[in-house]
Structure formats: structure tokens, C-alpha cells
Amino acid sequence: MIAPATDRPTACLALADGSLFYGMGFGATGQTVAELCFNTAMTGYQEIMTDPSYAGQVVTFTFPHIGNVGTNPQDDETGDPVAEGMVVKWMPTDPSNWRNVQPLSDWLASRGRIAIGGVDTRRLTRAIRHQGAPHVALAHDPEGNFDIEALIKAARSFAGLEGMDLAKDVTCAQSYRWDEMRWAWPDGFPKQTDPKHKVVAVDYGAKRNILRCLASAGCEVTVLPASATFQDVMAHNPDGVFLSNGPGDPAATGAYAVPMIRDVLDKTELPVFGICLGHQMLALALGAKTIKMSHGHHGANHPVKDNDTGKVEITSMNHGFAVDAQTLPKGVVETHVSLFDGSNCGIRMADRPVWSVQHHPEASPGPQDSYYLFERFAAAMADRTQAKEKA
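The rules behind each value
Residues numbered from 1 in each chain as written. Predicted model: local features only at pLDDT ≥ 70, side-chain atom pairs only at ≥ 80, totals over all residues. Heavy atoms only, no water. UniProt positions renumbered as here; feature names shortened; annotations may be inferred. Salt bridge = Lys/Arg side-chain N within 4 Å of Asp/Glu carboxyl O. Helix = DSSP H or I, 4+ residues; strand = E, 2+ residues; numbered from the N terminus. Buried < 20%, exposed > 50% of the residue type's maximum accessible area, 1.4 Å probe, protein only. Arc of directions from axis to C-beta. Contact = heavy atoms within 4.5 Å.

As recorded by an unreviewed UniProt entry, the chain carries the name Carbamoyl phosphate synthase small chain and is attributed to Sulfitobacter sediminilitoris. Its UniProt record gives the chain the following Subunit (unreviewed entry) comment, quoted word for word: "Composed of two chains; the small (or glutamine) chain promotes the hydrolysis of glutamine to ammonia, which is used by the large (or ammonia) chain to synthesize carbamoyl phosphate. Tetramer of heterodimers (alpha,beta)4." Its UniProt record, at the heading Sequence similarities (unreviewed entry), says of the chain: "Belongs to the CarA family."

Structure below.
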């Protein structure tokens, strides 16, 4: 049990094994239950909290100084925070950045997200590493009144992410067009006014910066809900299909997503590119399997090796499930592997422009180590267009 040296604790994090971590609450008040993960990134806390891939999770930040640059609307990866809550070492200080619009605590409170500060995040991270991602209950009460037995019971009652289809909860309600490109000084986000390729992006929980990267690569992007059918996709006459990131168990989402992807592969020659959950969806459609990881990969400093070139890229990761490389069928090549644990981070079909990666090339951890993947996708679409014109 850990409690701050001064003041009465106003927040409590209860693990399913009965471990308790006390601290000072900020953000919204109340209680939430989720899976607990840790993220090793030194920057980007707002992008992490608004990444739809974190649905159903409370995030422990290993970097101690969280909140010192405040928040602003431009850094949101989706409309509102999706992560259930956050755990930090030090309470956020007053923001000191020219882009700040709202302090982190106020931003969380206005969006119904609970946070706890003053926690020994090193001890908590070690527990996650050794025991796997635990189920937790996080409570914030300004009066410091906690029903500990009820919190532990709530943590133990959490169903977990295995078997959960969370993509349906974070996907868009209807299709829309996207033309905003990557941020550039001094104008912010310019618009794509001369696209060369038509892309259908299937939204399993898409981050905005992925869509920006597609637009910057010369794409006219139409975003469709996760439940889109083959007919829905082809109605837009795309030059390529993109499969987005997202949360939850890929096997659960695959129940309705995989048939559509298989139809695209079987009935067309379209280039296909997937990221994160989209990578796992493609693998399932090709006949591979996915597995739940002990504590997953979450951070912006993950080395990934490109097996084709030998190049090592510094990547951003956020996934609790992985493609089982041992189940890849004939004709599917493993292109990328994690240098942390050797897990699969990329695949491609041997004879077609169809590929995917587990990491997030749009998140700029390298900062541009993996941008070539978007350019490769655009080049594949250009090659197919030229071939059709010659035919």
C-alpha cells in the first residue's frame, strides 16, 4: 500500500489481486474499471489518451512529468479521450507552452476521465511486467472516502479485453471524407487539394494523424465504419483499401471485418495496407491467428527490424494482442519483428501489394522512420493505375 506523505489521499487504484495504490485525484470524480497498461513515451500524453486503441484501458505513464504542456484541440486523435483513466508519478504542474488551451486536469474533468497522481509508477510498472496487465478499479473522491472491498470486487469483476469487440464502440457512425494533411509550420493543417488516389479507410478506431498521413501521400480519403461490407467499400471505386488501428480483441472484431477483407483479396487486385488492429484483421483474413500478450507493447521507443532491408526503425506501439507468426500461411511473409521480444510486427503477401504493420508509422517516434509505408501504399496504387491504363 502506497500513500502520499502529505494530505489525505483523494484517489485509489485497486488491483484485482488486492494491491492498493493511493494518491491525489485530478480530472473527473467517480470510479472506472479497466485493464491497466503502461506507456513509456516521454511526450504525447494527450494523443495517447485520445487514441481509440486505448479503449478499455487505464494508462500508467512511466515518464514522471505529465501535463506540463497542457492540452489543445489540435493534438486530439479523436473527439474525446478514449482511455478510461491515467496514472502518473507527479501531479500536473501549471502548463507552460505557447500551444496550451486548457490545463490537463480541467481537460480530463470536462471529458469525464479520472486520473491519479503521486503513485510509485516504477513499482506499478514492474508489477505489470512480471504479472501481466491487471484488471483495476480507479476511484477519485475529493473527500477521500473509499469502499476498498467494493473497489477490489469491481476490479475482479471486469471481464477483460479477451473476446471484446471494442471497435464497434469507437468507429464512426457514418462515412465521411477526410482531406486534412500533416501539420506544418506556420499554417497548421493544410488541405489536400490535388489528390492522386482514392482510398477507402475502414475505421476500427482510426487516429486522425493516420488519415492526415494518407492525405499527405496524395490520397482522397473516404472513411467507412468498421461494419462496412465489401459492397460498401467497392461503391466508392477505390484505388486502395486501408485498414485502421483500433482496440479490443481482433478475433472478436474479425467476426464481421474478416469476411469483407477476404472479399477484397479474393475479388479485386487492390493494394491493401493495415496498421495495428488493421494489421491483425488482415492477418486473420489471410488465415493466421492472433494471441493475447502478457502486458503488450505501449510506448514511443520500440525498435522494430525490417526483415527485407535490415533497417531498424524506432516506432510507436500500442497493442495488447499480436499476430502469431507461427500461423502465417504459405505465401505470407513476415516483414517486421520487434527487437524487444521477437514478436510479429509486419506481414505482406509475397505476390501482391498487400501488407500491414503492427506499429504506428504516423505517430512520429523516429520521428519519420516509418513514413515510407504511406509512400509505398501510394506508389502501389500509382503502379496499378498505370498498369490499367496500359492494358
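Caption draft 1: Looking closely at the pattern of salt bridges. Within this structure, the stated rule accounts for eleven salt bridges. Lys-292 serves as the salt-bridge partner of Glu-35, at 3.2 Å between the closest nitrogen and oxygen. Placement of Glu-35 in strand β3 (residues 30-39) and of Lys-292 in strand β13 (residues 290-306) is noted, with a sequence separation of 257 residues between them. With relative accessibility at 28%, the residue Lys-292 sits in the partly exposed group. For Lys-267, the salt bridge is made with Asp-263, and the minimal N-O distance between the two is 3.7 Å.

Caption draft 2: Region of interest: helix α3 (residues 121-131). Buried residues of α3: Thr-121, Leu-124, Thr-125, Ala-127 and Ile-128, and no others. Viewed end-on, α3 has its buried residues packed into an arc of 155°, placing them on one side of the element. Across α3 from its buried face, at more than 90 degrees, point the exposed residues Arg-122 and His-130. The inward-facing, buried residues of α3 contact β1 (11-15), β2 (20-27), β3, β4 (57-61), β5 (85-87) and β13. At the C-terminal side of α3, Gly-132 shows a positive phi close to 90°.

Caption draft 3: Summary view of unusual backbone geometry. Cis peptide bonds are those with omega within 30 degrees of zero, and the linkage from Trp-185 to Pro-186 qualifies with 5°. By the element assignment, Pro-186 lies in the loop between β8 (176-178) and β9 (197-203). Residue Gly-366 is joined to Pro-367 through a cis peptide bond whose omega torsion reads 10°. With respect to the secondary-structure elements, Pro-367 resides in the loop between β17 (354-357) and α10 (372-390). Despite not being glycine, Asn-237 shows a phi value in the positive range, around 50°. Tracing the backbone through its elements, the reader meets Asn-237 in the loop between α7 (230-234) and β11 (240-243). Residue classification places Asn-237 among the exposed residues on the basis of a relative accessible area of 52%.

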